[in-house]
Amino acid sequence: MSGPAYQTVDLAAYRPAYRRVAGEVFRLLQARISAARLPRPKGSYSIVPRSTEQRIAKIVIYQHDRGKRIRPHLWPALSDGVYVLLRANGPAAEVLRESAVILMYPDFSERLDGTRTLAVAPHFDERFHYFPVMAGENLENLAAFLAACAIC
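Draft legend 1. Structural detail: unusual backbone geometry. Cis geometry is found at the peptide bond from Ala-121 to Pro-122, where omega equals 10 degrees. With respect to the helices and strands, Pro-122 occurs in the loop between strand E6 (118-120) and strand E7 (123-132). Look at Arg-71: it is not a glycine, yet its phi comes out positive at around 60 degrees. Mapping Arg-71 onto the fold places it in the loop between strand E4 (68-70) and strand E5 (81-87). Given the relative accessible area of 27%, Arg-71 is considered partly exposed.

Written as structure tokens, this is what we have:
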């Protein structure tokens, strides 16, 4: 395992406001893509593209007093909230890099820090770049971006 990781807790344990935002993005995704591309673990939402069975993106709630930070000495300065994670390694990341999705959505891709990654336990080998869902974010546009990632 390289880099920090986060072990989520059941979605019901997070603040209602964060659950509403994450749940709304997921609901908007459900209207756009097949349920088979949206497995729903109990602690976060995942998106699997058509081209591989690896998770290409995740919607994760981070709350400092919930879940567990793994390798906390490497932990980035994150505020509590909802985060979008995009795959940084493996075949799913290659599919994403080779697609035009990132270029088509500069509002999101410009917020990615290509040097930092997180994993979500227990899959420590799956690394993700991340960005926060901002207050007032257009969730329809965010869902469209994530749906485009899923059809890669």
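Draft legend 2. Spatial organisation of helix H2 (residues 90-98). Within the sequence span of H2, burial applies to Ala-92, Ala-93 and Leu-96. Projected down its long axis, H2 shows its buried positions confined to an angular sector of 100 degrees, all on one face. Structural note: H2 exposes Arg-97 and Glu-98 on the side pointing more than 90 degrees away from its buried face. Its buried side turned inward, H2 meets E5, helix H3 (101-104) and helix H5 (139-150).

Draft legend 3. Structural context of the pattern of salt bridges. Under the criterion given, the structure shown has seven salt bridges. Two residues, Arg-15 and Asp-80, come together in a salt bridge whose shortest N-O distance is 3.2 Å. Taken together, the residues Arg-15 in the loop between strand E1 (5-7) and helix H1 (16-30) and Asp-80 in the loop between E4 and E5 connect sequence positions 65 residues apart. We classify Arg-15 as partly exposed; its relative accessible area is 34%. With relative accessibility at 21%, the residue Asp-80 sits in the partly exposed group.

Draft legend 4. The arrangement of the pairing of E5 in detail. The buried count for E5 comes to seven of seven residues, which makes it a mostly enclosed element. Here strand E3 (residues 57-62) runs beside E5; their pairing, made up of six bridges, is antiparallel. Directly across from Lys-58, in E5, lies its bridge partner Leu-85.

Reading the values: the criteria
- Residues numbered from 1 in each chain as written.
- Predicted model: local features only at pLDDT ≥ 70, side-chain atom pairs only at ≥ 80, totals over all residues.
- Heavy atoms only, no water.
- Helix = DSSP H or I, 4+ residues; strand = E, 2+ residues; numbered from the N terminus.
- Buried < 20%, exposed > 50% of the residue type's maximum accessible area, 1.4 Å probe, protein only.
- Arc of directions from axis to C-beta.
- Contact = heavy atoms within 4.5 Å.
- Salt bridge = Lys/Arg side-chain N within 4 Å of Asp/Glu carboxyl O.
- Pairing = 2+ DSSP bridges.

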